[in-house]
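Observations on chain architecture
Residues per chain, in single letters:
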Amino acid sequence: MSIELKPVAHADVKAKKDAAELEEWFYTDIVKDHFFNPRNIFKTQAEVDGYRPDGVGMVGSPACGDMMKMWIKVDKATDQLIECKWQTFGCGSAIASTSMLSVMLTENGGMPVEKALQLKPQDIVKRLVDLPARKFHCSVLGDKALRAAINDYFRKSGQDARVVVEGAKVIDKILKITDKDIEEAVLEGAVTLEDVQKKTKVGAQDKSCIPEVEQLIRFYREKYFGGKQ
Amino acid sequence: MKEIYLDHAATTHVDPRVKAVMDKYWTEEFGNPGSFHTAGLRALRALNAARASVARVLNCIPEEVIFTGSGTESINTAIKGVFRANKAKGKHIITSTVEHHAVLETCEYLEKHEGAEITYLPVDRYGQVKPETLEKAIRPDTILISIMYANNEVGTINHIAALAAVAKKHRVLFHTDACQAGGVLDIDVKKLGIDLLSINGSKIYAPKGVGILYVRRGVPIHPLIHGGGQEFRMRSGTENVPCIIGFATALELAHQEREAENARLTVLRDTLIKGVLSTVPKTFLNGHPTERLPNNVNISFMDIEGEALLLYMNEHGVCASTGSACTSKSLDPSHVILALGLPYEASHGSIRFTLGKNTTEAGIGKVIEVLPDIVQKLRHLSPVNLKMEDVLPQEKVQEIKTFQGAP
């Protein structure tokens, strides 16, 4: 006789959080497909050099472990994205997310620029069906690179009024830590104030900002993870 | 597809000979060594024989060998146990920046909750702690020094005897985490001159869930686990007899066979290093070129990220790792690679291959064959194109050039 051990579904929140730590790292078929067969990429270096985009955006750096570059072409008459090329330095989910984003932007005749500006990381994750929670932040650079490319297009095509400026608000006045830093920490998996402090040192000296930090953590947890712990 | 397992530093399979020796202790000889009947006595005798066998390899007396549940438990017992038993003397502990998390997290815990003061010694660009660096860090209130024998990520071997001699000179207790050295390097505790040593079973072809802590007689130490007083009151709880027997058998076998196996692995290791560095541009070796474990290869690939490379290799049946198994799920670059002085830009693409008993020349050949195409494909997807001489420290660049000039 042989018996097989099966995982059980957890009922309470604490158990769910513990279960997330045991989460399998293996990617879903869609993620793997985009990772191993990335779409909308340049085939050769000559193709990169010869490409004439309407806008280019680049975010991240090799030092932080994630970097993304995006090239876009826009149909000016319809204000729709018609082409999107990309390069990504990062893990499997970062590569798969960018590939999926490029498909979303160009499918069905192309996405209107205004709609593309509204894209959120979770829209990409939704299309990838299921990205491991700890990998969620890897999909965030994609939409940032895209907005940078669109802004570049706005500037190059004389539509400066349309440029979207992403501002950051300083929360910790001494260490100059912004809401963006806290957002980043939450996306990297921080759940509690202590987690965020471990990553950012926020409130180490400027204790007065802690209530606001806690509020921001709740806000970003809600925004990206639907409030589920 | 045949799997090429190159992650032996994470864990090894159980040697079939070890498993055969263990077998009857699960179902037939299942007695509790503490019981007052013949079934218990038989288990006690088997346990004593296992302890004597480990003591022979370590060149110590059996009473100095404590069986534990893992290397991590041994390390926790050594550091917390010595700290708690000696805190009236002082609260200062010295360790190094490249230790395993079992050491670093334990020290951090003592610092945060029990008032310990920790000095983390820097290492040189190969990952070695210099005896003079250690000597300078010793204070009158230093009670323990814990330095790893061989590094789990980059394979660099420390000169433990020289480091332990410094500790002895200043009458400070010395512990070494020998989890990567057990079964491979000389672990004669007298020759090394150490007070405490930790080894685990899951890296020496023994089962997981068993380890040992050597504690020299007379070392003041407290147990972590209290209860029935097993293991000379140092580790209460019914002894895990089958795994302890497996551990002792595996260690015995490893030390009988280590010379031949080390020689075999060293050849394969160097084939892999030369093969990759000569066929894949913009790559370099991390750790010491010669004073490294015979089974460890750690190579950095510029412009690409380690996890992506790992996934592609996995598709070709090659199991390797980025840093230690514990960190492959996190995104921060390895603390070991950073401690060697590599900049962040060059620290995200390091891959560790660790060879073992079932590693063959053909397997190594396969890795060398598939890697260039995988790396090229990922580099093509990457917007990063760094020059090694721009980002790496000057001496590292020189080392790479020297290697390229070598035949």
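Our structure is the block above this text.
Residues numbered from 1 in each chain as written. Chains lettered and ligands numbered in written order. Predicted model: local features only at pLDDT ≥ 70, side-chain atom pairs only at ≥ 80, totals over all residues. Heavy atoms only, no water.

To continue, consider the overall build of chain A. A tally of helices and strands in chain A yields 10 helices and 5 strands. Burial status across chain A gives 47% buried among its 229 residues. Considering only residue pairs separated by 6 or more positions, chain A has 57% of its internal contacts joining residues 24 or more positions apart. Element-wise, carbon and sulfur atoms account for 55% of the exposed surface of chain A, whose accessible area totals about 12100 Å². (Helix = DSSP H or I, 4+ residues; strand = E, 2+ residues; numbered from the N terminus. Buried < 20%, exposed > 50% of the residue type's maximum accessible area, 1.4 Å probe, protein only. Contact = heavy atoms within 4.5 Å. Areas by Shrake-Rupley, 256 points an atom, 1.4 Å probe, with all protein chains shown as cover.)

This part covers the overall build of chain B. Check the secondary structure of chain B and you find 14 helices and 12 strands. A compact globule built from 407 residues would reach a C-alpha radius of gyration of about 22 Å, and chain B, at 22 Å, matches this within 12%. The principal-axis extent of the C-alpha atoms belonging to chain B is close to 70 × 50 × 35 Å. In chain B, buried positions account for 59% of the 407 residues. In chain B, once contacts between residues fewer than 6 apart in sequence are set aside, the share between residues at least 24 apart is 76%. Accessible area of chain B: about 16600 Å², with a carbon and sulfur share of 54%. (Rg over C-alpha atoms; globule rule 2.2 N^0.38 Å.)

Next up on the list: the packing of aromatic side chains. Within this structure, the stated rule accounts for 8 aromatic pairs over all chains. Ring centres 5.7 Å apart and planes at 45° place the aromatic pair Tyr153 of chain A and Phe154 of chain A in the tilted group. Exposure remark for Phe154 of chain A: the relative accessible area of 0% places this residue in the buried category. Linked through ring pairs, Phe35 and Phe36 of chain A together with Tyr312 of chain B together constitute an aromatic cluster. Here the guanidinium or amino end of Lys73 of chain A rests over the ring plane of Tyr51 of chain A, the centre of that ring lying 4.6 Å away. One cation-aromatic arrangement involves Lys357 of chain B over Tyr205 of chain B; the distance from NZ or CZ to the ring centre is 4.3 Å. (Phe/Tyr/Trp six-rings, centres within 6.5 Å; stacked < 30°, edge-to-face > 60°. Lys NZ or Arg CZ within 6 Å of the ring centre and 35° of its normal.)

Let us look at helix 5 (residues 101-113) of chain B. Residues and elements named next belong to chain B. If you check helix 5, its first and last C-alpha atoms are 17 Å apart, about what 13 residues at 1.5 Å a residue would give, namely 18 Å. All of the buried residues along helix 5 are Ala102, Val103, Leu104, Thr106, Cys107 and Leu110. At the exit of helix 5 stands Gly115, carrying a positive phi of roughly 75°. (Expected span 1.5 Å × (residues − 1).)

Here we take up the packing of helix 3 (residues 38-58) of chain B against helix 9 (residues 241-279) of chain B. Residues and elements named next belong to chain B. The contact between helix 3 and helix 9 brings their axes to 9 Å, and the two run at 30°. Viewed along their axes, helix 3 and helix 9 adopt a mutual orientation that is roughly parallel. The interaxial crossing formed by helix 3 with helix 9 has left-handed handedness. Counting all contacts with helix 3, which are made through Ala46, Leu47, Ala50, Ser53, Val54, Arg56 and Val57, the residues of helix 9 involved are Ile244, Ile245, Phe247, Ala248, Leu251, Glu252 and His255. Looking at the contact of helix 3 with helix 9, its residues break down into 10 nonpolar, 2 polar and 2 charged. (Axes fitted to C-alpha atoms, helices over the stretch in contact; angles between N-to-C directions. Parallel < 35°, antiparallel > 145°, perpendicular 65-115°, else oblique. Left-handed = near helix turned anticlockwise from the far one by under 90°. Nonpolar A, V, L, I, M, F, W, Y, C, P; charged D, E, K, R; others polar.)

Each partner contributes residues to the interface: chain A has 34 residues there, and chain B has 23 residues. Between chain A and chain B, roughly 2300 Å² of surface is buried when both sides are summed, and carbon and sulfur atoms account for 65% of that area. Our count for the contact surface shared by chain A and chain B stands at 1 salt bridge. As a salt-bridge pair, Glu194 of chain A and Lys112 of chain B come within 3.3 Å of each other at their nearest N and O atoms. Taken together, chain A and chain B are joined by 9 residue pairs in polar contact (both at pLDDT 80 or more). When residues of the side of chain A that touches chain B are traced back to their parent elements, those giving at least two are helix 2 (29-36), strand 2 (66-75), strand 3 (80-89) and helix 4 (92-106) of chain A. For the side of chain A that touches chain B, the residue count by class is 17 nonpolar, 9 polar and 8 charged. (Buried area = accessible area lost by both parts, 1.4 Å probe. Salt bridge = Lys/Arg side-chain N within 4 Å of Asp/Glu carboxyl O. Polar contact = N/O pair within 3.5 Å; in protein donor to acceptor, adjacent residues only side chain to side chain.)

This paragraph deals with the sheet that holds strand 2 (residues 65-68) of chain B. Residue and element names in this part refer to chain B. Across the sheet, 7 strands lie side by side as 2-8-7-6-5-3-4; this open sheet has mixed pairing. The sheet is open, and its two edges are formed by strand 2 and strand 4 (117-121), each paired on a single side. For this sheet, the mean angle separating the axes of adjacent strands, direction not counted, is 20°. Two elements, strand 7 (residues 196-200) and strand 8 (residues 211-215), share 5 bridges in a ladder whose sense is antiparallel. Bridge assignment links Ile199 to a residue of strand 8, and that residue is Ile212. The strands that helix 4 (residues 71-86) touches are strand 2, strand 3 (92-96), strand 5 (142-146), strand 6 (173-177), strand 7 and strand 8; relative to strand 7, the one it contacts most, it runs at about 160°. Each of strand 3, strand 4, strand 5 and strand 6 is contacted by helix 5, which is oriented at about 150° to strand 4, the strand it contacts most. (Pairing = 2+ DSSP bridges.)

Moving on, we get to helix 3 of chain B. Residue and element names in this part refer to chain B. Across its 21 residues, helix 3 extends 30 Å between first and last C-alpha, which sits within 8% of the 30 Å expected from 1.5 Å per residue. Looking at helix 3, one finds that the buried residues are Gly40, Ala43, Ala46, Leu47, Ala50, Arg51, Ser53, Val54, Ala55, Val57 and Leu58. On its buried face, helix 3 sits against helix 2 (24-27), strand 2, helix 8 (189-192), strand 7, strand 8 and helix 9.

Residues and elements named next belong to chain B. In this structure, strand 3 lies alongside strand 4, joined through 5 bridges in parallel fashion. Bridged to His92 within strand 4 is Glu117. Following the backbone out of strand 3, through helix 5 and into the adjacent parallel strand 4, one traces a crossover that is right-handed. (Right-handed = clockwise from strand over helix to strand, strands pointing away.)

Each pair of packed helices gets described by two things: the angle between the helix axes and the distance between those axes. Residues and elements named next belong to chain A. At a closest axis distance of 10 Å, the pairing of helix 9 (residues 193-200) and helix 10 (residues 210-225) adopts a crossing angle of 105°. Of the possible angle classes, the one that applies to helix 9 and helix 10 is roughly perpendicular. Of the residues in helix 10, those in contact with Leu193, Val196 and Gln197 of helix 9 are Ile210, Val213, Glu214 and Ile217.

Before going further, it helps to examine the sheet that holds strand 2 of chain A. Residue and element names in this part refer to chain A. Read across the sheet, 3 strands follow the order 1-2-3 without closing on themselves; strand pairing throughout is antiparallel. Unpaired on one side and paired on the other, strand 1 (55-61) and strand 3 mark the two borders of the sheet. Neighbour to neighbour, the strand axes of the sheet diverge by 15° on average, direction disregarded. Across 9 bridges, strand 2 lies against strand 3 in antiparallel orientation. Counterpart to Trp71 in the pairing with strand 3 is Lys85. Relative to the sheet, helix 4 contacts strand 2 and strand 3, its axis offset from that of strand 3 by approximately 170°.

Bringing the state of the cysteines into the picture now. All names here are of chain B. All told, the structure shown has 0 disulfides over all chains when counted by the stated rule. The thiol of Cys60 is not disulfide-bonded; the next cysteine sulfur, from Cys179, is found 16 Å away. Look at Cys60 and you get buried, because its relative accessible area is 10%. (Disulfide = S-S within 2.5 Å.)

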